[in-house]
Each structure stands twice: as C-alpha cells, then as structure tokens.
Amino acid sequence: MSTHAIPEGVGRTAIGVARARAVESRRPDRLFDDPYAAAFVTAADGEVRERGPGEVSPGLIAMARHLVVRTRFFDDFLLAAAADGCRQVVIPAAGLDTRAYRLNWPAGLVCYEIDLPEVLAFKERVLAERAAEPVARRVALVADLREDWPAVLTGAGFDPAERSAWLIEGLLIYLESAEVARLLGQVGELAAPGSRLALTHGSGRWEESPRDRGEPAPELAPVMKLWKGGLAEDPVPWLGRRGWRAVRHDRAEAAVSYGRPVDYVSSQRIFVTAERLPAVTSN
Ligand code: SAM
C-alpha cells in the first residue's frame, strides 16, 4: 500500500472526526478552530459540506455534535494540565487530532502522538502540503497500541519520571476489554504521580448507538461493526483500584456549559478524567 493512501478500516474513523471538526470550525460561534480538519476531509473525500436534516439521519447529526463537545472538553482538559505544569502530552490513537498545532501551549511542551502507520502517513502528507507548523514540539510515533508501544514512546524521549498528560479520545471502543486493560496498565506505569489522564468510554452496544429522539444513525453501521466493546466495566472504579483518582463527567452538562444542545443522551457513553496518585509504599 502506498504511504499516501487514505486510511481504511479503523483508521478511517479519524476522518469522520475531522469532518465534524471542519464543520464546527466554520461556525461564527465555534467552540474551537481546527484549521487543518477540512484539508484532511478534502484529501480523503472531497469537498467539506455541512449536511442538514433530510440529508443525514438525526443520529449522525447528534454524533457530530457529540464530537464537537468532546473535542472542546478535551482541549480544556489538556490546557489545564499544561497550565498545571505537565510538559509532556501523550495522545495515543491521535488520528487527525491537530492539538499540537492549534492549542496555545506553554513553551517547552512536547506532544507525542501515536497511531497506525497509514493514518500518520496520510496526516503528515496533508500537513506538509499546508506547511503546517506545530506550536508544541510534536513527535509522531507509529505503533500499534495493542503491542509494545511504551518502548517506542520512551525511545523517542518520553520521560516516565516527569509528569505527563494523556488523552485517549475515541479509541477504547475499538479494543477488546483485555486490550484496554493492558493499555491503561501501560499508561499507569509511565505516568508519574500528578500526571493526568482523560478518556472516552462506551460499551459499544447497538442500543447505545448515536441517536437523537430515539433514532439511531444507520450511516454509522460500518463504524459500529468495528466496535469491540472497550473496557467491560465502569472505568472510574477500575482506575480507582489502579492508582488513579478518577472522575466521571456528564457530557450533557458539558454541552450545556458550551451553549450546545443535549441531543445524544446515552448515559453509558462518558468522559473520564483522572489524576495519578503517588505510589503507596508499605513498610
Ligand atoms: N483520537 C483521535 C480524535 O479524537 O481525533 C482519533 C479518533 S479515531 C475515532 C480512532 C483512532 O484510533 C484512529 O486514528 C485509529 O487509527 C486509531 N487506532 C485504532 N486502533 C489502534 C491501534 N491498535 N493502535 C493505534 N491506533 C489505533
């Protein structure tokens, strides 16, 4: 396969997220401005156009709104972690996330992005065509997150002794529960006390598919076929038993706080943030 190919399979899901960010970035009241999202969509699928009711299902519109709220929520999370002194940001499954380019990072911050080879090759090509310059020092790393990615990260300069901020957005549902447990265990080993973690969690069941007023999004059926369920239990107590102080966030509250509608209401799909606690030593 050419390294310039458009990502397929789970990698293609990143283009769907970029589409929602591209449309949002055109709004006068946008919650963020992603200047490269439209370029990714155009390179993959042609012109970006907002599709309204009648063209797409209410569930797909609700999903796009969800992605927008989620993006802004995690922008705020990462900037708060950076303001609090974390100078290493790690984004496993970064996809077409352009936070290294578009957020106002403090000097000296390093942003590590990890994803599959075809996704990062596509991303590099589109960003290079636009002569994009990151605000943070950006380190893009090819790795499969089901394998030994910590060696790749530490080999690229990540220091586990220093605090870090981690964002796992839109990934876990594409992994089996045991794979999620292993991945989060690896993150725990790399996260010094005081480090931050944010993630999205959902069960991956059809009844929790994106929907608005009861109608699911049939357009998302191919994506949902890729869902493997994610962590089989509530991540908040799960993380709590593994050295994190974790908090569940109400997505509807976040939407309201940003002045956006609450139309994607499954209580099972949540945002979680956590802080790494100091190791307990027994003597
Ligand atoms: N976090 C990004 C965002 O919110 O814009 C991308 C989310 S996208 C829905 C899911 C991403 O997970 C894709 O970029 C895909 O390539 C990546 N991914 C899925 N499985 C992976 C794996 N085993 N190793 C590395 N990346 C993976």
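Colleague: Sorry, what's going on with the sheet that holds strand E4 (residues 164-168) here?
Modeller: One key point about sheets: their strands pair by backbone hydrogen bonds, in either a parallel or an antiparallel sense. Read across the open sheet, the seven strands follow the order E3-E2-E1-E4-E5-E9-E8; overall the sheet is mixed. Only two strands of the sheet have a single neighbouring strand rather than two, namely strand E3 (137-142) and strand E8 (244-249). Neighbouring strand axes in the sheet, compared pairwise and without regard to direction, differ in orientation by 15 degrees on average. Two elements, strand E1 (residues 88-92) and strand E2 (residues 110-115), share five bridges in a ladder whose sense is parallel. Across the sheet, the residue bridging to Pro-92 is Ile-114, located in E2. The strands touched by helix H5 (residues 117-129) are E2 and E3; relative to E3, the strand with the most contacts, the crossing angle is about 145 degrees. Lying on the sheet, helix H7 (residues 177-190) is in contact with E4, strand E5 (196-201), E8 and strand E9 (270-276); it crosses E4 at an angle near 165 degrees.

Colleague: Explain the state of the cysteines here, please?
Modeller: Structurally, a disulfide amounts to a covalent bond that connects the sulfur atoms of two cysteines. Following the criterion strictly, the structure yields zero disulfides and no others. Counting only cysteine sulfurs, Cys-111 is the nearest neighbor of Cys-86, a cysteine outside any disulfide, at a range of 13 Å.

Colleague: Help me out: how do you make sense of the site of the ligand in this one?
Modeller: The environment of the ligand is made up of 20 residues, and the closest members are Arg-21, Ala-93, Asp-115, Asp-144 and Glu-169. At 3.5 Å from an oxygen atom of the ligand is found a side-chain nitrogen or oxygen belonging to Arg-70. Leu-145 is positioned with one of its backbone polar atoms (N or O) 2.9 Å from a nitrogen atom of the ligand. Taking 600 Å² as the accessible area of the ligand by itself, protein coverage stands at 97%. Ranked by the residues each element gives to the shell around the ligand, the list is headed by helix H1 (residues 13-25), at four residues.

What counts and what doesn't
- Residues numbered from 1 in each chain as written.
- Predicted model: local features only at pLDDT ≥ 70, side-chain atom pairs only at ≥ 80, totals over all residues.
- Heavy atoms only, no water.
- Pairing = 2+ DSSP bridges.
- Helix = DSSP H or I, 4+ residues; strand = E, 2+ residues; numbered from the N terminus.
- Axes fitted to C-alpha atoms, helices over the stretch in contact; angles between N-to-C directions.
- Contact = heavy atoms within 4.5 Å.
- Disulfide = S-S within 2.5 Å.
- Near = heavy atom within 4 Å.
- Polar contact = N/O pair within 3.5 Å; in protein donor to acceptor, adjacent residues only side chain to side chain.
- Areas by Shrake-Rupley, 256 points an atom, 1.4 Å probe, with all protein chains shown as cover.

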